[in-house]
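The lines below spell out each chain.
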Amino acid sequence: MFHNNMQGMTTTIREGFLIKRGHIVQNWKARWFVLFKDQLLYYKIEEGKKESQPRGQIPLQSCTLICPCVDYENRPLMIKLKTQQSIEYFLQACSREERDSWAADINKVIKAVNPKQTQQLGTSFNSTSDISLNHLIDAMHDSHGGIKEMANTECGNTYKMTFTGSSVVDWVMSWNFAHSRLDAVTLASILVEENLITPVGPKSTKSVRSMPLGEQLMDDSTVLYCFIENKNKIDNSNDIIDINPLEMSGKIVKQGYLMKQGHTRKNWKVRKFVLRAEPAYLHYYDPCKEKEDHAAGGFALRGCLVSAVEDNGIAPGIKGKVQGNLFKIITIHDVHYYIQTGSPAERSAWIKAIKQLT
């Protein structure tokens, strides 16, 4: 779809969708980002096609990268870039793996153009024994810089006053209590073992019972925990809301930002797609909303037909100026979904993953 280097530019290092916060109106928009050897460009997508000229650029000379970034409680998958002119850019990825991969690639470029600059990817104490657990838990409770408690969904149930395992690890790293995710998991697991934070829901409860010491907290965005003092409030309240538990109970096998054609207006929008197995469902979310907990749509994959749409010419039913790499899903109820990926390889990977579940 969008793999075409700008004339006169150096070789593309990577490209793909990220969600960007606006500077004047601080709303969130999907943009197509292209990383070069000294800058990061971003483009707007119109009618399924990348505009020819970038909407902006982020110079990486003397730029500072912060990842994980915990500035926004509803957006845990953030990268923060601060330029030499102190302009801040907030970029959101679709998953922790994607966020960390983007951060690593951007950080390599920053180091290449700023060999003497140290990035804020985390410094640490020498070991977890250097850290006071009371100090750590007090910092987690801090109303300004502490970990954010919010409503989270696990296996179809929504629990208030909780946080995910991966958000705990992100927070520990962002406040320099650990320099790696492994060290952060070990430290957070001590909080579980000391009964300072406690599991909420079946996944985290099972991990506490089955995992060895030092590994009892799961670095997972679908596994929930809470402060121990809130456990009874959650268990004895109406904060557990049943929302389609069957559809949401499957294991996430693939997720990513893709473009989807609307059914009524036939316009193209970037959506976060989440593929689940056992049971097999494909859901999509609006990543630009303040909360993307609730799916904008989805369907069971059993009995679906999925196939690539040929790039030579526009197939019937497709509107706009799309650039190819399309595939189509026909549900058992004969509803047609047209989806566009960023590259032929990405299209093949999605089709293969979906076919295995149909």
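About the thresholds
Residues numbered from 1 in each chain as written. Predicted model: local features only at pLDDT ≥ 70, side-chain atom pairs only at ≥ 80, totals over all residues. Heavy atoms only, no water. Helix = DSSP H or I, 4+ residues; strand = E, 2+ residues; numbered from the N terminus. Buried < 20%, exposed > 50% of the residue type's maximum accessible area, 1.4 Å probe, protein only. Contact = heavy atoms within 4.5 Å. Pairing = 2+ DSSP bridges. Axes fitted to C-alpha atoms, helices over the stretch in contact; angles between N-to-C directions. Expected span 1.5 Å × (residues − 1). Arc of directions from axis to C-beta. Salt bridge = Lys/Arg side-chain N within 4 Å of Asp/Glu carboxyl O. Parallel < 35°, antiparallel > 145°, perpendicular 65-115°, else oblique. Nonpolar A, V, L, I, M, F, W, Y, C, P; charged D, E, K, R; others polar. Phe/Tyr/Trp six-rings, centres within 6.5 Å; stacked < 30°, edge-to-face > 60°. Lys NZ or Arg CZ within 6 Å of the ring centre and 35° of its normal.

- The chain has the name Pleckstrin 2 in an unreviewed UniProt entry, where Callorhinchus milii is given as its organism.

### With respect to the overall build of the chain
Item 1. The secondary structure content of the chain amounts to 8 helices and 21 strands.
Item 2. Classification of the 358 residues of the chain by burial places 48% in the buried group.
Item 3. A sequence separation of at least 24 residues applies to 56% of the contacts in the chain between residues at least 6 apart.

### Some remarks on the sheet that holds strand β21 (residues 336-340)
Item 1. What the 7 strands build is an open sheet, ordered β18-β17-β16-β15-β21-β20-β19; its pairing is antiparallel. Edge strands, defined here as strands with exactly one partner in the open sheet, are β18 (297-300) and β19 (305-309). Strand-to-strand twist across the sheet, computed as the mean angle between neighbouring axes with direction ignored, equals 30 degrees.
Item 2. On top of the sheet, helix α8 (residues 344-355) reaches β15 (251-261), β16 (268-277), β17 (281-285), β19 and β20 (326-330); it is set at about 130 degrees to β15, its chief contact.

### Things to note about α8
Item 1. Taking 1.5 Å per residue as the helical rise, α8 with its 12 residues ought to reach 16 Å, and the 16 Å between its terminal C-alpha atoms agrees with that figure.
Item 2. All of the buried residues along α8 are Arg347, Trp350, Ile351, Ala353 and Ile354. Buried residues of α8, seen end-on, are gathered within an arc of 165 degrees and therefore sit on one face of the element. Among the exposed residues of α8, those pointing more than 90 degrees away from its buried face are Ala345 and Lys352.

### So, the pattern of salt bridges
Side-chain pairing between opposite charges can occur once the charged atoms of the two side chains come close.
Item 1. The full count for this structure, using the stated rule, is 14 salt bridges.
Item 2. Here Arg99 and Asp100 are joined by a salt bridge, their closest N and O atoms 3.0 Å apart.
Item 3. It is possible to trace a salt-bridge network through shared partners that takes in Arg96, Glu97, Arg99, Asp100, Asp170, Arg181 and Asp219.

### Here we look at the pairing of strand β2 (residues 28-35)
Item 1. Counting buried residues along β2, 7 of its 8 residues qualify, which places the element largely inside the surrounding structure.
Item 2. Bridge count between strand β1 (residues 14-21) and β2: 8 bridges; the pairing is antiparallel. Directly across from Phe17, in β2, lies its bridge partner Trp32.
Item 3. The hairpin turn running from β1 into β2, its antiparallel successor, is 6 residues long.

### A few points about the packing of helix α2 (residues 133-141) against helix α4 (residues 181-193)
Item 1. Viewed as axis vectors pointing N to C, α2 and α4 meet at an angle of 95 degrees, and their least axial separation amounts to 11 Å. By the angle class used here, α2 and α4 are roughly perpendicular. In this structure, α2 contributes Leu133, Leu136 and Met140 to the contact, and α4 contributes Leu187, Ile190 and Leu191.
Item 2. Classifying every residue of the contact of α2 with α4 by side-chain character gives 6 nonpolar, no polar and no charged.

### Thoughts on the packing of aromatic side chains
The geometry of an aromatic ring pair is captured by the separation of the ring centres together with the interplanar angle, meaning the angle of the planes.
Item 1. Scanning the entire structure with this criterion turns up 10 aromatic pairs.
Item 2. Residues Trp171 and Trp175 carry aromatic rings whose centres are separated by 6.4 Å and whose planes lie at 40 degrees to one another, so their mutual orientation is tilted.
Item 3. The buried category is assigned to Trp171, whose relative accessible area is 2%.
Item 4. An angle of 25 degrees between the planes, with centres 4.4 Å apart, marks the rings of Phe299 and Tyr337 as stacked. Remark: Tyr337 occurs in strand β21 and Phe299 occurs in strand β18; sequence separation between them is 38 residues.
Item 5. Owing to a relative accessible area of 8%, Phe299 belongs among the buried residues under this scheme.
Item 6. Look at Tyr337 and you get buried, because its relative accessible area is 9%.
Item 7. Grouping aromatic residues by their ring pairs yields a cluster made of Phe273, Tyr284, Phe299 and Tyr337.
Item 8. Above the ring of Tyr43, the side-chain terminus of Lys50 is found at 4.4 Å from the ring centroid.
Item 9. Residue placement shows Lys254 over the ring face of Trp350; its charged tip is 5.2 Å from the ring centre.

### Considering helix α1 (residues 96-113)
Item 1. Here α1 contains 18 residues, and its C-alpha end-to-end distance of 26 Å stays within 8% of the 26 Å for a straight helix at 1.5 Å per residue.
Item 2. Buried residues of α1: Arg96, Arg99, Trp102, Ala103, Ile106, Asn107, Val109 and Ile110, and no others. Viewed end-on, α1 has its buried residues packed into an arc of 160 degrees, placing them on one side of the element. Counted as exposed and oriented over 90 degrees from the buried face of α1: Lys108 and Ala112.

### Quick word on the packing of helix α3 (residues 165-174) against α4
Item 1. Viewed as axis vectors pointing N to C, α3 and α4 meet at an angle of 110 degrees, and their least axial separation amounts to 9 Å. Classified by the angle between their axes, α3 and α4 sit roughly perpendicular to one another. Together, Ser166, Val168, Val169, Asp170, Val172 and Met173 of α3 and Arg181, Ala184, Val185, Leu187 and Ala188 of α4 make up the contact between the two elements.
Item 2. Grouping the amino acids of the contact of α3 with α4 by side-chain chemistry returns 8 nonpolar, 1 polar and 2 charged.

### Some remarks on unusual backbone geometry
Item 1. Here the bond from Cys67 into Pro68 is cis, since omega is 5 degrees, no more than 30 degrees from zero.
Item 2. For the bond running from Glu278 to Pro279, omega is 0 degrees, close enough to zero to count as cis.
Item 3. If you check the backbone angles, Glu47 has positive phi at about 55 degrees while not being a glycine.
Item 4. Along the polypeptide, Glu47 turns up in the loop between β4 (45-46) and β5 (49-50).
Item 5. Accessibility expressed as a relative area gives 44% for Glu47, which makes it partly exposed.
Item 6. If you check the backbone angles, Lys266 has positive phi at about 60 degrees while not being a glycine.
Item 7. Inspection of the secondary structure assignment puts Lys266 in the loop between β15 and β16.
Item 8. Owing to a relative accessible area of 31%, Lys266 belongs among the partly exposed residues under this scheme.

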